Amino acid sequence: MSATLNIRAVRAILRYEMARARRALVQSIVSPVLSTVLYFIVFGAAIGTRISHVGGISYAAFIVPGLIMQTVLSQSISFASFAIYFPRFTGTIYEILSAPVSFVEVICGYVGAAAMKSITTGLIILFISFFFVPLHILHPLWMVGFLTLTCAAFSLLGFIIGIWADDFEQLQLVPLLVVTPLSFLGGSFYSIKMLPPLWQKISLANPVVYLISCFRWSFYGHADVPVGISLAVIGTFFIVCLSITAWIFKTGYRLRN
Amino acid sequence: MTPAISIKGLSKTYAGGFAALKDVNLDIRRGEIFALLGPNGAGKTTLISIICGIVKRSGGSVTVCGHDTVQDYQAARKAIGLVPQELTIEHFETPWDTASFSRGLFGKAPDPKLIEDLLKRFSLWDKKDSQIRRLSGGMKRRVMICKALAHEPQVLFLDEPTAGVDVELRKSMWDQVRLLRESGVTIILTTHYLEEAEEIADRVGVISHGNLILTEDKDALMKKLGKKELVIDLVEAHSAIPPALSGFDLTLSESGRRITLTYETGGGDTGEGVGGISRLLEKMKADGIAYHDLSTRQSTLEEIFIRLVGRS
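For clarity, every value in this text was computed on a predicted model and none was experimentally measured.

Visitor: Describe in detail the overall build of chain B, supporting the description with residues and values.
Guide: Secondary structure summary: chain B contains 10 helices and 14 strands in total. On the principal axes, the C-alpha backbone points of chain B span a range of 80 × 45 × 40 Å. A burial count over chain B gives 38% of its 312 residues as buried. Counting contacts in chain B only where the partners sit at least 6 residues apart, residues at least 24 apart contribute 68% of the total.

Quick look at the structure:
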């Protein structure tokens, strides 16, 4: 472990990653924003007329926090996994491996950049949604806090996937086969209280339920599961991902053979 | 003064059981150009990769300017610039951005003047804002050298720097390498061409099958390895070397129809050198030993390696 943090290295990686996002602005930010906004226009307008209110909130407003969560968590994974997988794929990773940086700097750089990008994506979606949906945010600080923690945790997960993956198929495996179903079943479009009791219990095994529930709580003060438990779940998830990343750097897994 | 690099008992066995390095010991002096010579798969890149922190060592120790590459890796790596063998470079970046990135990554404060000087020195200044994918192969390699030099390293590794490089670029690259050495940078380069080592290096190390077979001053090595052979095909078979030719370093083939003279290229006109050829041919003519063909060949590096391995 390093005695002093190589701040300049962190800054270099951050700047580099942000420049990459700017070069591919449509792919990295515009496209996820557009597809999410389309979701809440179509779902909110079409289905919202039939389900007028969920827990006293208009359906269009109800789905906004969940949709933001769904987008930022898949984007966090995608940003971070690509950011570290590409240098491995092209071979430019040699420079990171031979640089005087510890896992702390690499994580701050790559995961920090991925999280910043997905937070930006989330905030843009939120901003745009104000034009379509009557929104109010009861606990804005909590909202930003949950958003940040979620983006950081899932960027870490993406980083791990990017190091684990040996080809592009593996890179997509977890996001497509695990994260997408979990996030669609995570209660973006419904309150889990609307489900039959058995499915309510099963849903509690889905970590995304906790993320969406507490994020929605920060908007409207209604939560499917207690906020404290949600916070504990996501905090634990963050720490587990961080430990795995630390282990990766300690052992050189898939990086230094 | 501590050596630029000190390697003690270094070994590397990959997960599959392949022993890429076996008990390598080597000191590289400050300010020298050291050529690491060896055939493909000898362990050159593994050795460099361990020193630079890309590959984990299995045993032994390495220090760079006195800093252990594991315990004190940050200080060790700050001293190193690495130009890998493959053209691995971010294609959508510009030379300016990527060199500036490298400097930051190694913990140095931005220094636009230094980057400008570097790009100018390597004739990349007019391409500083072009995407790297639009540059030629030679330019890409120069960008990689600029990246490696952007943090002002004390030790520079060039892993097969002339692979796929034309004569012109090779010449200018060697000029730059000499300039760097004059400014006090230690340079370690790998190659499998003996001529390259001859052209540029102060000292040469030969590596084969993971063993460092020898390290020697270049001049001494060239003398040792610079042997040639003259092969003469005789008209008649002989059972032994004809007595008249006993004063020469000759071997007779099993068929008795071919004799081989080994001589040194640097041997001069008399004695063991090139002059020996004419003396031998004159002797053969005087003695009536007829031949129908002759040819000369230089020992290839491959053969030299085999000879060295056999001896070690």
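Visitor: Explain the domain arrangement of chain B residue by residue, including any values.
Guide: Here chain B is partitioned into domain 1 (5–223) and domain 2 (227–299). Between the C-alpha centres of domain 1 of chain B and domain 2 of chain B there is a distance of 44 Å.

Visitor: Mind laying out helix α2 (residues 25–47) of chain A, listing which residues take part and the relevant values?
Guide: Residues and elements named next belong to chain A. Between its terminal C-alpha atoms α2 stretches 31 Å, which fits the 33 Å expected from 23 residues at 1.5 Å a residue. The sharpest bend along α2 reaches about 30 degrees and sits at Ser31, with the proline Pro32 one to four residues further on. Within the sequence span of α2, burial applies to Ser28, Pro32, Val33, Thr36, Phe40 and Gly44. The inward-facing, buried residues of α2 abut α1 (7–23), α3 (59–90) and α5 (103–129).

Visitor: For the sheet that holds strand β9 (residues 203–208) of chain B, give the residues involved together with the corresponding values.
Guide: All names here are of chain B. Within the open sheet, the 6 strands sit side by side as β6-β7-β8-β3-β9-β10. Their pairing is mixed. Two strands close off the open sheet at either side, each with one partner strand: β6 (80–83) and β10 (211–217). Taking the axes of each pair of neighbouring strands and ignoring which way they run, one obtains an average angle of 15 degrees across the sheet. Relative to strand β8 (residues 186–191), strand β3 (residues 33–37) runs parallel, the two sharing 5 bridges. What sits directly across from Phe34, in β8, is Ile188. Sheet contacts for helix α5 (residues 137–149): β6 and β7 (155–159); angle to β6, the most-contacted strand, approximately 170 degrees.

Visitor: Mind laying out the interface of chain B and chain A, listing which residues take part and the relevant values?
Guide: Contacts between chain B and chain A engage 27 residues on the former and 21 residues on the latter. Contributions of two or more residues to the side of chain B that touches chain A are made by α2 (73–78), β6 and α3 (95–105) of chain B. A class-by-class count of the residues in the side of chain B that touches chain A yields 15 nonpolar, 6 polar and 6 charged.

Visitor: With reference to specific residues and values, describe unusual backbone geometry.
Guide: A positive phi is found at A:Arg254, a non-glycine position, where the angle reads about 60 degrees. In this fold, A:Arg254 is placed in the segment after α10 (227–251). When the 13 C-beta atoms within 10 Å are taken as the criterion, A:Arg254 is described as partly exposed. Here B:Ser123, not a glycine, exhibits a phi torsion of approximately 50 degrees, which is positive. You can see B:Ser123 is positioned in the loop between α4 (112–121) and α5.

Visitor: Run through the environment of B:Thr190, naming residues and quoting values.
Guide: Residue and element names in this part refer to chain B. Tracing the chain through its elements places Thr190 in strand β8. Looking at Thr190, the number of C-beta atoms within 10 Å reads 25, which means it is buried. C-alpha of Thr190 to C-alpha of Lys44: the two residues are 146 residues apart in sequence and 6.7 Å apart in space. Filtering out sequence-adjacent residues up to four positions away, Thr190 remains in contact with Leu36, Lys44, Ile48, Asp159 and Glu160.

Visitor: So what's going on with the pairing of strand β13 (residues 258–264) of chain B? Residues and values would help.
Guide: Regular strands place side chains that alternate from one sheet face to the opposite one. Residue and element names in this part refer to chain B. The side-chain alternation of β13 yields one buried face, formed by Ile259, Leu261 and Tyr263, and one unburied face, formed by Arg258, Thr260, Thr262 and Glu264. Alignment of strand β11 (residues 227–234) against β13, held across 7 bridges, turns out to be antiparallel. Across the sheet, the residue bridging to Asp233 is Arg258, located in β13. Bridge count between strand β12 (residues 250–252) and β13: 3 bridges; the pairing is antiparallel. Paired with Leu252 across the strands is Ile259, a residue of β13. Where β12 hands over to β13, the hairpin turn is made up of 5 residues, of which Gly256 adopts a positive phi near 75 degrees.

Visitor: Any chance you could break down the environment of B:Ile232 for me, citing the residues and the numbers?
Guide: All names here are of chain B. Relative to the elements of secondary structure, Ile232 occurs in strand β11. In this structure the C-alpha to C-alpha distance between Ile232 and Glu93, which are 139 residues apart in sequence, comes to 59 Å. Dropping the residues within four chain positions of it, Ile232 is found in contact with Arg258, Ile259, Tyr291 and Leu294.

Visitor: So, the pairing of strand β4 (residues 59–64) of chain B: which residues are in play, and what are the values?
Guide: Residue and element names in this part refer to chain B. Summarising the sheet, strand β1 (residues 5–13) and β4 pair through 5 bridges and their orientation is antiparallel. The partner of Ile7 across the bridge, within β4, is Val62. As paired strands, β4 and strand β5 (residues 67–68) are joined by 2 bridges and run antiparallel to one another. From the neighbouring strand, Val64 faces β5, where its bridge partner is His67. Taking the residues that link successive antiparallel strands as the turn, the β4-β5 hairpin has 2 residues, and the phi of Cys65 there is positive, at about 50 degrees.

Reading guide: rules and limits
- Residues numbered from 1 in each chain as written.
- Chains lettered and ligands numbered in written order.
- Predicted model: local features only at pLDDT ≥ 70, side-chain atom pairs only at ≥ 80, totals over all residues.
- Helix = DSSP H or I, 4+ residues; strand = E, 2+ residues; numbered from the N terminus.
- Buried ≥ 20, exposed ≤ 12 C-beta atoms within 10 Å, placed from the backbone.
- Contact = placed C-beta atoms within 7 Å.
- Domains from an automatic or database assignment.
- Expected span 1.5 Å × (residues − 1).
- Bend = angle between axes of the 7 residues up to and from the residue.
- Pairing = 2+ DSSP bridges.
- Axes fitted to C-alpha atoms, helices over the stretch in contact; angles between N-to-C directions.
- Nonpolar A, V, L, I, M, F, W, Y, C, P; charged D, E, K, R; others polar.

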